[in-house]
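# Reading the structure
Letter by letter, the chains look like this.
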Amino acid sequence: MSISELNHFMTYVIDAWALLSIGSVSVGFISFVSRRIQEDIEAEKLALTEGVEETEDVALIEAAPAKADLAAADAARLEEVAAVSEQLSKAKENQSDSTSVPVSTQIE
(Lines give C-alpha, C1' and ligand atoms only; values in the text may rest on other atoms or scores of the structure.)
Protein backbone atom coordinates (compact mmCIF):
# COMPACT_ATOMS: atom_id res chain seq x y z
CA MET A 1 0.00 0.00 0.00
CA SER A 2 1.48 3.28 -1.01
CA ILE A 3 1.37 6.54 0.93
CA SER A 4 -1.24 8.07 -1.38
CA GLU A 5 -3.49 5.00 -1.02
CA LEU A 6 -3.06 5.14 2.76
CA ASN A 7 -3.95 8.85 2.80
CA HIS A 8 -7.01 8.14 0.66
CA PHE A 9 -8.11 5.31 2.98
CA MET A 10 -7.57 7.42 6.13
CA THR A 11 -9.63 10.24 4.60
CA TYR A 12 -12.55 7.83 4.24
CA VAL A 13 -12.06 6.55 7.80
CA ILE A 14 -11.99 10.07 9.24
CA ASP A 15 -15.03 11.15 7.19
CA ALA A 16 -16.97 8.08 8.34
CA TRP A 17 -15.98 8.67 11.97
CA ALA A 18 -17.07 12.33 11.73
CA LEU A 19 -20.45 11.40 10.20
CA LEU A 20 -21.06 8.76 12.86
CA SER A 21 -20.13 11.20 15.64
CA ILE A 22 -22.42 13.91 14.25
CA GLY A 23 -25.21 11.37 13.84
CA SER A 24 -24.76 10.14 17.40
CA VAL A 25 -24.80 13.65 18.83
CA SER A 26 -27.84 14.55 16.71
CA VAL A 27 -29.78 11.49 17.85
CA GLY A 28 -28.89 12.23 21.47
CA PHE A 29 -29.96 15.85 21.15
CA ILE A 30 -33.23 14.97 19.42
CA SER A 31 -34.08 12.34 22.04
CA PHE A 32 -33.26 14.81 24.83
CA VAL A 33 -35.46 17.52 23.31
CA SER A 34 -38.33 15.13 22.62
CA ARG A 35 -38.13 13.78 26.18
CA ARG A 36 -38.25 17.34 27.58
CA ILE A 37 -41.21 18.22 25.37
CA GLN A 38 -43.05 15.08 26.49
CA GLU A 39 -42.35 15.92 30.15
CA ASP A 40 -43.65 19.45 29.65
CA ILE A 41 -46.82 18.16 28.00
CA GLU A 42 -47.42 15.70 30.82
CA ALA A 43 -46.79 18.37 33.46
CA GLU A 44 -49.19 20.74 31.72
CA LYS A 45 -51.88 18.07 31.52
CA LEU A 46 -51.43 17.30 35.20
CA ALA A 47 -51.54 20.98 36.12
CA LEU A 48 -54.67 21.49 34.05
CA THR A 49 -56.50 18.52 35.55
CA GLU A 50 -55.58 19.56 39.10
CA GLY A 51 -55.93 23.26 38.44
CA VAL A 52 -59.36 23.19 36.79
CA GLU A 53 -61.17 22.41 40.01
CA GLU A 54 -59.11 24.91 42.02
CA THR A 55 -59.35 27.60 39.35
CA GLU A 56 -63.13 27.33 39.14
CA ASP A 57 -63.47 27.65 42.92
CA VAL A 58 -61.04 30.56 43.11
CA ALA A 59 -62.68 32.30 40.14
CA LEU A 60 -66.10 32.06 41.77
CA ILE A 61 -64.78 33.40 45.06
CA GLU A 62 -62.83 36.26 43.46
CA ALA A 63 -65.50 37.24 40.94
CA ALA A 64 -67.78 39.11 43.35
CA PRO A 65 -65.13 41.28 45.02
CA ALA A 66 -63.50 42.03 41.68
CA LYS A 67 -66.76 43.41 40.29
CA ALA A 68 -67.27 45.56 43.39
CA ASP A 69 -63.71 46.87 43.11
CA LEU A 70 -64.25 47.76 39.46
CA ALA A 71 -67.48 49.59 40.27
CA ALA A 72 -65.78 51.56 43.03
CA ALA A 73 -62.87 52.43 40.76
CA ASP A 74 -65.25 53.55 38.00
CA ALA A 75 -67.17 55.71 40.46
CA ALA A 76 -63.93 57.30 41.68
CA ARG A 77 -62.87 58.02 38.10
CA LEU A 78 -66.25 59.61 37.32
CA GLU A 79 -65.99 61.82 40.40
CA GLU A 80 -62.48 62.86 39.39
CA VAL A 81 -63.61 63.68 35.84
CA ALA A 82 -66.52 65.72 37.20
CA ALA A 83 -64.20 67.67 39.52
CA VAL A 84 -61.77 68.43 36.70
CA SER A 85 -64.61 69.50 34.43
CA GLU A 86 -65.94 71.83 37.10
CA GLN A 87 -62.49 73.38 37.61
CA LEU A 88 -62.10 73.90 33.87
CA SER A 89 -65.49 75.56 33.57
CA LYS A 90 -64.66 77.90 36.48
CA ALA A 91 -61.31 78.75 34.91
CA LYS A 92 -63.04 79.46 31.60
CA GLU A 93 -65.57 81.76 33.28
CA ASN A 94 -62.74 83.63 35.03
CA GLN A 95 -60.91 84.09 31.76
CA SER A 96 -63.97 85.42 29.96
CA ASP A 97 -64.60 87.98 32.76
CA SER A 98 -61.06 89.33 32.69
CA THR A 99 -59.92 91.79 30.07
CA SER A 100 -57.42 90.67 27.52
CA VAL A 101 -54.22 92.62 27.00
CA PRO A 102 -52.37 92.37 23.69
CA VAL A 103 -48.71 91.52 24.03
CA SER A 104 -46.19 92.42 21.36
CA THR A 105 -43.14 90.24 20.86
CA GLN A 106 -41.29 92.44 18.38
CA ILE A 107 -37.60 92.90 19.05
CA GLU A 108 -36.12 96.27 18.13
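As a starting point, this report considers the structure included with it. (Residues numbered from 1 in each chain as written. Predicted model: local features only at pLDDT ≥ 70, side-chain atom pairs only at ≥ 80, totals over all residues. Heavy atoms only, no water.)

## Quick word on the overall build of the protein
Just so we agree on the cut-off: Helix numbers and strand numbers start at the N terminus; a helix is a DSSP run of H or I with at least 4 residues, a strand a run of E with at least 2. Each residue gets one of three labels from its accessible area relative to the maximum for its type: buried under 20%, exposed over 50%, partly exposed in between, using a 1.4 Å probe on protein chains only. All accessible areas in this document rest on Shrake-Rupley with a 1.4 Å probe, and a residue is counted as covered only by the protein chains that are shown.
The number of helices and strands found in the protein is one helix and zero strands. For the protein, the proportion of its 108 residues judged to be buried stands at 1%. Within the structure as shown, the protein displays about 10100 Å² of accessible surface, and the carbon and sulfur contribution to it stands at 64%.

## What about a negative patch on the surface?
Here is the rule we go by: Surface patches are drawn from residues lacking salt bridges whose relative accessible area is over 30%; two like charges belong together within 9 Å, two nonpolar side chains (Val, Leu, Ile, Met, Phe, Trp, Tyr) within 5 Å. Each reported salt bridge corresponds to a side-chain nitrogen of Lys or Arg within 4 Å of a carboxyl oxygen of Asp or Glu. Charge convention: Lys and Arg are scored as positive, Asp and Glu as negative, and His as well as the terminal groups of each chain are ignored. Charged groups are reduced to one reference atom each: NZ for lysine, CZ for arginine, CG for aspartic acid, CD for glutamic acid.
A grouping of E39, D40, E42 and E44 is seen on the molecular surface, where their side chains present a negatively charged patch. With respect to the helices, strands and loops of the structure, E42 is situated in helix α1 (residues 3–97).

## Points about a nonpolar patch on the surface
Among the surface-exposed residues, M1, L6, F9, M10, V13 and I14 lie close enough to one another that they form a single nonpolar patch of about 600 Å² accessible area. Relative to the helices and strands, F9 is located in helix α1. What makes F9 partly exposed here is its relative accessible area of 46%.

## Some thoughts on the pattern of salt bridges
Across all of its chains, the model carries two salt bridges by this definition. For R77, the salt bridge goes to D74, with nearest N and O atoms at 3.0 Å. Linking R77 with D74, this pair stays in helix α1, spanning three residues, or about one helical turn. Judged by relative accessible area, which is 52%, R77 ranks as exposed. Between K90 and E86 there is a salt bridge whose closest N-O contact spans 3.4 Å. Taken together, the residues span about one helical turn, with K90 and E86 both in helix α1 at a distance of four residues. In this structure K90 comes out as partly exposed when scored by relative accessible area, which is 47%. With relative accessibility at 46%, the residue E86 sits in the partly exposed group.

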